[in-house]
Amino acid sequence: MVTPEALQGYIAQGLSCEHLQVDGDGHHFEAVIVCAEFEGKRPIARHQMVYAVLGDRMKAEIHALSMKTLTPIEWAASKSEAVSQSMLGRAQKTYPDGSFQNFRRCTA
């Protein structure tokens, strides 16, 4: 069974990541991958880069991998956006086409 740490190592061997975080249960994984090599590439091309690094492991060892692939600039922007939204008590839902909807969090 693959561990999150092992999967993180596989990705790090093939991509120069500025930030790499992998969580999972041995079969299903979630990864945040920040890499300058993603610059100018659409999400599908970024994912294909990660799949290429993992090779046959995606067929045999890894059942499911959910990825958030970002450039360093996108990563910095997402961190500052999360902080500002948290401070404002607001959240933002982003849709796959890039559009978004702001809404106010309800707290009791």
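How each quantity is defined
- Residues numbered from 1 in each chain as written.
- Predicted model: local features only at pLDDT ≥ 70, side-chain atom pairs only at ≥ 80, totals over all residues.
- Heavy atoms only, no water.
- Pairing = 2+ DSSP bridges.
- Helix = DSSP H or I, 4+ residues; strand = E, 2+ residues; numbered from the N terminus.
- Axes fitted to C-alpha atoms, helices over the stretch in contact; angles between N-to-C directions.
- Contact = heavy atoms within 4.5 Å.
- Expected span 1.5 Å × (residues − 1).
- Buried < 20%, exposed > 50% of the residue type's maximum accessible area, 1.4 Å probe, protein only.
- Arc of directions from axis to C-beta.

A. View of the sheet that holds strand S1 (residues 17-24). As summarised here, the arrangement of the 3 strands in space is S1-S2-S3, forming an open sheet in which the pairing is mixed. Single-partner strands in this sheet number two, and they are S1 and strand S3 (64-70). Sheet twist, expressed as the average angle between the axes of neighbouring strands with direction ignored, equals 15 degrees. Taken together, the 7 bridges between strand S2 (residues 28-35) and S3 define a ladder with parallel strand orientation. Bridge assignment links Phe29 to a residue of S3, and that residue is Leu65. Lying over the sheet, helix H1 (residues 4-14) contacts S1, S2 and S3, oriented at roughly 150 degrees with respect to S1. Helix H2 (residues 43-54) rests against S2 and S3 of the sheet, and its axis sits at about 125 degrees to S3.

B. Local environment of H2. The end-to-end C-alpha separation of H2 is 17 Å, in line with the 16 Å expected for 12 residues at 1.5 Å each. If you check which residues of H2 are buried, you get Arg46, Met49, Val50 and Leu54. All buried residues of H2 project into a common sector of 135 degrees when viewed along the axis, lining one side. Residues of H2 that are exposed and point more than 90 degrees away from the buried face comprise Ile44 and Ala52. Once H2 ends, the next one or two residues include Gly55, with phi positive near 55 degrees.

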